[in-house]
Every structure is written in C-alpha cells, then in structure tokens.
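Architecture and fold: a report
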Amino acid sequence: MNIDAGVRRILKDAEEGKPINKIEAETLLALPANSPEAAAVRSAANVLSRRRFSNMGLLLGQIGVDMAPCEGDCAFCFFAKSHTTVQPSVLSSDQIAARCERFAAGGARGVFLMTMHRFGFEWFRDLCAELRRRIPPELEILANVGDVTSSQLHELRDAGISGAYHVCRLREGTDSWMNPGDRRATIERIIEAGLSWFNLCEPVGPEHTPAELAEQIWMGVELPCRQHGAMQRFPVPGSPLYHHGQVSLARLGQVVAVVALATRASPETTSIAVNVSNLVGLFSGANAFFPEAGEPDSRDAEFERPDGRDGFTTALWRQSNEITTADCRNMMLAAGFSHLMDANGKPSSPLEPTAFGQSQSAH
Ligand code: SF4
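A few points on the structure. Counting of residues starts from 1 at the beginning of each chain's written sequence and follows it residue by residue. Reporting of local features is limited, given that this is a predicted model, to residues whose pLDDT is at least 70; pairs of side-chain atoms are given and counted only at 80 or more, and all residues count toward the totals for whole chains, interfaces and linings. Calculated side-chain values reflect all of the structure's heavy atoms, with hydrogen atoms and water omitted.

**Some remarks on the overall build of the protein chain**
In terms of helices and strands, the protein chain carries 12 helices and 13 strands. By the compact-globule yardstick of 21 Å for 363 residues, the protein chain fits well, its C-alpha radius of gyration being 19 Å. Across its three principal axes, the protein chain shows a C-alpha extent of roughly 55 × 45 × 40 Å. Relative to its full complement of 363 residues, the protein chain shows a buried share of 58%. A contact between two residues is defined here by any heavy atoms of the two lying within 4.5 Å. Long-range pairs, those at least 24 residues apart, make up 76% of the contacts in the protein chain with a sequence separation of at least 6. If you sum the accessible surface of the protein chain, you get close to 14500 Å²; carbon and sulfur atoms cover 52% of it. For helices the rule is a DSSP run of H or I covering at least 4 residues; for strands it is a run of E covering at least 2, with both sets numbered from the N terminus onward. We compute the radius of gyration from the C-alpha atoms alone; for a globule the expected value is 2.2 Å times N to the 0.38, where N is the number of residues. We call a residue buried when its accessible area falls under 20% of the maximum for its residue type, exposed when it is over 50%, and partly exposed in between, using a 1.4 Å probe and counting protein chains only. Here the open area of atoms and residues is found with the Shrake-Rupley method and a 1.4 Å probe, where only the protein chains shown may cover a residue.

Encoded structure:
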C-alpha cells in the first residue's frame with residue numbers, strides 16, 4: 001500500500017530518534033483515522049514505545065473520593081452543576097483504603113484520588129496522610145484536584161502524595177469556566193513543588209481540530225510531565241457537548257501515537273496513557289491504563305464485579321461496569337506486553353493469565 005511520502009519521512013525521522021515537531025504533529029493529526037497513513041503512525045508509535053518502555057505496562061488506579069454537583073460546570077462533564085443528577089457523597093477512609101488494597105493486589109503502582117473542582121483542602125490533606133500510613137508503600141498517592149496554591153501543594157507533598165494530575169484541557173475557558181492561565185499556573189506550581197506532573201490530551205472529541213490537539217499536547221512537551229497520553233470524552237446525556245458524540249478508538253489511538261512520537265526525547269516522561277483502557281491504544285504507543293477497580297476478590301460470590309456504588313470512576317460516565325486491574329492486565333497480556341512496571345520504571349511482576357476479568361476490551 002502506498003503511504004504519503006511526507007508522512008513516511010516524518011516517521012523515518014522519528015524512527016531515527018528525532019521527536020516530531022508541532023507542525024508535524026498537526027500533519028499527522030489531520031490524517032483520516034482509518035487511512036493507511038494513520039495506521040502507519042500508530043504502528044510506528046507502537047514499535048518505538050515498546051522499545052522505549054522495554055515492553056512494560058503501568059497501572060494507576062483511580063478513586064473518586066468526593067462527588068457533588070460541581071461549580072466548574074464544564075460542558076462535557078458528568079458532574080457539571082447545570083446538568084448533573086448526582087447527589088453529594090464522600091467516601092470514608094476505610095472504603096478508600098480497602099479499594100487501594102485491591103489496586104495494589106492487582107499490580108497498580110499508584111492511585112489517583114479525584115475530587116470536584118472545589119474540595120475541602122484540610123479534609124483531603126488529612127485523608128492523604130492517613131492513607132499513606134495505611135496502604136502499601138509501593139502504591140503512590142496521586143492527587144487529581146482543583147487549582148491549588150504552592151503552600152497547599154507542599155502540604156500535600158508532606159502528607160505523602162508524590163504527584164498530581166492536572167490538565168489545561170482542550171477548549172479550556174470555552175467549554176469550561178476555568179481560566180487556561182490558572183490551569184497552567186497550577187501545573188507549574190506542581191512541578192516547582194517537586195511533585196510529578198501527570199498530564200493527558202483530553203477530553204478528545206470529534207470536533208477538535210488538528211491544530212487544537214497539537215497545541216494542547218504541546219504543554220506536555222514543553223513542560224516536564226511524568227506521564228502524557230490521551231483520553232476520549234464520553235458523551236454525557238444532557239450535556240451541551242453530547243451532540244458531538246465520541247471519537248473512535250482508531251482516532252484515540254492516533255492521538256496517543258502523536259503524543260508518543262512528540263515526547264520521544266523527553267526523559268522525564270516514563271509512560272504514555274490511554275483512557276478508556278483499550279487494545280487499540282496499546283498498539284498505538286500507550287503502555288499505561290487507569291483501572292477503575294482493583295483486583296476482584298476470590299471470596300466475592302461468583303467473582304462479582306464492583307458496581308460503582310462506592311465513590312466514582314470514569315465508569316460512571318459510561319454507565320458501565322468498572323474495568324478492573326485484572327481486565328487491564330489481560331489486555332496488556334493480549335497485546336504482548338511482558339511485565340508490569342514499578343514506580344522507577346523497572347520490571348516488577350511478569351504478566352500472566354488470570355482467572356478474573358476475561359474481557360479483552362473496554363466495556
Ligand atoms: S471536569 Fe472537573 S471542574 Fe469540570 S465540572 Fe467536572 S469535576 Fe468540575
């Protein structure tokens with residue numbers, strides 16, 4: 001099959017160790033998702049990421065610890081106060097610790113604790129400190145909270161968190177009430193506080209242009225992020241962006257691939273994530289998933305899956321079962337990954353077949 005000569009040249013340069021620039025990223029993002037050229041981009045990123053990350057995968061769990069109609073009111077979000085139906089609820093520290101234990105049992109190396117844009121800072125800080133004392137030491141505590149000050153970040157670091165997820169999202173300030181400058185300032189404070197910055201290109205929808213995607217991706221190329229990647233937007237019924245629908249997994253994989261090629265020379269970027277967890281992403285340069293629940297417990301009747309009643313995860317957006325650590329390991333095994341990665345980027349446990357979570361794709 002003939003591949004466009006310009007695309008071939010970009011991929012050849014990447015193969016030889018040259019990260020793509022922003023203009024080249026735009027060119028690759030403008031390719032139709034099911035064209036031979038886009039397939040070649042995904043394939044090139046797959047080959048390079050396997051080498052870059054020694055064919056190891058990374059699992060980082062997620063727990064929504066505080067849920068309420070959110071004043072951020074983002075046009076894409078399940079929790080936006082203008083269209084949500086959620087009722088306020090907070091998980092107890094016992095429930096959170098129990099979920100963390102299951103993440104650790106399933107091979108996760110960190111857990112994101114997610115709140116709404118406004119949250120009780122002292123409560124969250126004390127929760128992190130308590131968890132740090134209670135949960136396995138190899139499970140990093142990572143914050144996914146609203147904009148915070150430098151002193152708050154130092155307090156969180158002292159309480160035991162090692163990193164924070166924060167993103168200046170696509171169409172920030174247009175599809176959200178957040179100020180893009182405030183988002184970037186928080187990211188810079190995270191880095192200055194000595195915490196790892198976790199980033200994604202999100203929430204990717206069909207309406208985002210190649211230029212918008214490349215621009216948003218580039219903050220994670222210019223600033224040192226420990227993790228980059230891409231997350232699709234799930235269309236929330238009743239939300240203003242619902243009518244746009246969602247991108248295909250091929251398109252999501254294409255964005256992941258461009259992120260992988262753009263960060264090729266970024267030594268601090270030690271994993272590339274895709275959300276929703278899916279096999280196409282693993283063949284497009286991603287090596288990290290965010291499981292929504294930890295290991296199913298063999299004492300549970302008929303290995304019942306968690307049902308999402310306790311706290312929230314991205315499964316709530318999909319109105320679907322939570323994807324477990326076992327599901328994620330099975331997808332990584334099916335994609336030919338050999339090991340899970342530890343916090344230092346070294347191999348931890350080999351990936352082996354499991355009795356749980358036989359699904360091979362997102363739910
Ligand atoms: S994306 Fe975050 S800030 Fe925006 S409405 Fe949802 S929870 Fe609030």
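Read on, since the account is not over.
**Side note on the nonpolar core**
Formed by 99 residues in total, the largest nonpolar core has its most connected members in Ile20, Leu28, Ile63, Ile96, Leu113, Phe124 and Leu261. Examining the composition of this core, we find that nine residues originate from one element, helix α9 (residues 249–262), more than from any other. If near-sequence neighbours (up to four positions away) are discounted, Ile96 is found in contact with Ile63, Val65, Leu91, Leu113, Leu127 and Leu131. What makes a nonpolar core is a set of buried Ala, Val, Leu, Ile, Met, Phe, Trp, Tyr and Cys residues whose side-chain atoms join them at distances within 4.5 Å. Membership of the second largest hydrophobic core comes to 18 residues, among which are Phe76, Phe79, Met114 and Trp317.

**Notes on the packing of aromatic side chains**
In this scheme Phe, Tyr and Trp rings, the latter by its six-membered ring, pair at centre separations within 6.5 Å, and the angle between planes marks the pair as stacked below 30 degrees, edge-to-face above 60, and tilted otherwise. In this structure the tally under the stated criterion is seven aromatic pairs. Ring geometry for Phe78 against Phe79: centres 5.6 Å apart, planes inclined by 80°, an arrangement best described as edge-to-face. Classification of Phe79 by relative accessible area gives buried; the value is 3%. Each member of the aromatic cluster is reached from another via a ring pair, and the members are Phe112, Tyr165, Phe198 and Phe290.

**As for the site of the ligand**
Any residue with a non-hydrogen atom lying within 4 Å of a molecule or strand is treated as near it. Taken together, Cys70, Asp73, Cys74, Phe76, Cys77, His117, Arg169 and Met178 make up the full set of residues adjacent to the ligand. Here a cavity means grid points, on a 1 Å grid over the protein atoms only, where a 1.4 Å probe fits yet cannot get out; a pocket means an open set of points with protein on both sides within 12 Å along at least five of seven lines; lining residues are those with an atom within 4 Å of a point. Cavity and pocket membership follows a simple rule, namely that a molecule belongs there if more than half of its atoms are within 2 Å of the grid points. At a threshold of 2 Å from the grid points, most atoms of the ligand map onto the largest cavity. For the shell around the ligand, the residue count by class is five nonpolar, one polar and two charged. Three categories are distinguished: nonpolar for Ala, Val, Leu, Ile, Met, Phe, Trp, Tyr, Cys and Pro, charged for Asp, Glu, Lys and Arg, and polar for the others, with Gly belonging to the last.

**Quick word on the environment of Glu16**
With respect to the helices, strands and loops of the structure, Glu16 is situated in the loop between α1 (5–15) and α2 (22–29). Remark: the alpha-carbon pair of Glu16 and Gly120, spanning 104 residues in sequence, is separated by 49 Å. At a separation of 2.9 Å, a polar atom in the side chain of Glu16 contacts the side chain of Lys12. What qualifies as a polar contact is a pair of N or O atoms within 3.5 Å, subject to a donor-acceptor requirement within protein and to the restriction that residues adjacent in sequence count only when both atoms come from side chains.

**Some points on the pairing of strand β6 (residues 161–165)**
Among the five residues of β6, four are classified as buried, and the element is accordingly described as predominantly covered. Inspection of the sheet shows strand β5 (residues 140–144) paired to β6 by three bridges, in the parallel sense. Paired with Ala143 across the two strands is Ala164, which belongs to β6. What joins β5 to β6 is helix α6 (residues 150–159), and the crossover it makes is right-handed. Any two strands are treated as partners once DSSP identifies two or more bridges connecting them. The definition of a right-handed crossover adopted here requires that, viewed with the strands pointing away, the path from the first strand over the helix to the second runs clockwise.

**Describing the state of the cysteines**
In this description, the term disulfide denotes a pair of cysteine sulfurs within 2.5 Å. On inspection of all chains with the given rule, the structure shows zero disulfides. Unpaired in terms of disulfides, Cys201 finds its nearest cysteine sulfur in Cys168, a separation of 11 Å. Classification of Cys201 as buried rests on a relative accessible area of 0%.

**Thoughts on empty space enclosed by the protein**
Grid points are joined across faces, edges and corners, and a volume is the space filled by probe spheres set on the points. Under the criterion given, the structure shown has five cavities of 30 Å³ or more. Each pocket or cavity is described by its volume, and for the largest cavity that value is around 790 Å³. Considering the residues around the largest cavity, the lining is formed by 38 residues, among which Met114, Asn144, Glu202, Met231 and Trp317 are closest to the centre. For the lining of the largest cavity, the elements supplying multiple residues, two or more each, are β4 (110–114), β8 (201–204), β9 (227–232) and α11 (315–318). There is about 60 Å³ of room inside the second largest cavity. Contributing to the lining of the second largest cavity are Leu58, Phe198, Arg226, Gln227, Thr270, Ser271, Met341, Asp342, Ala343 and Gly345. Across the lining of the second largest cavity, the residue classes break down as four nonpolar, four polar and two charged.

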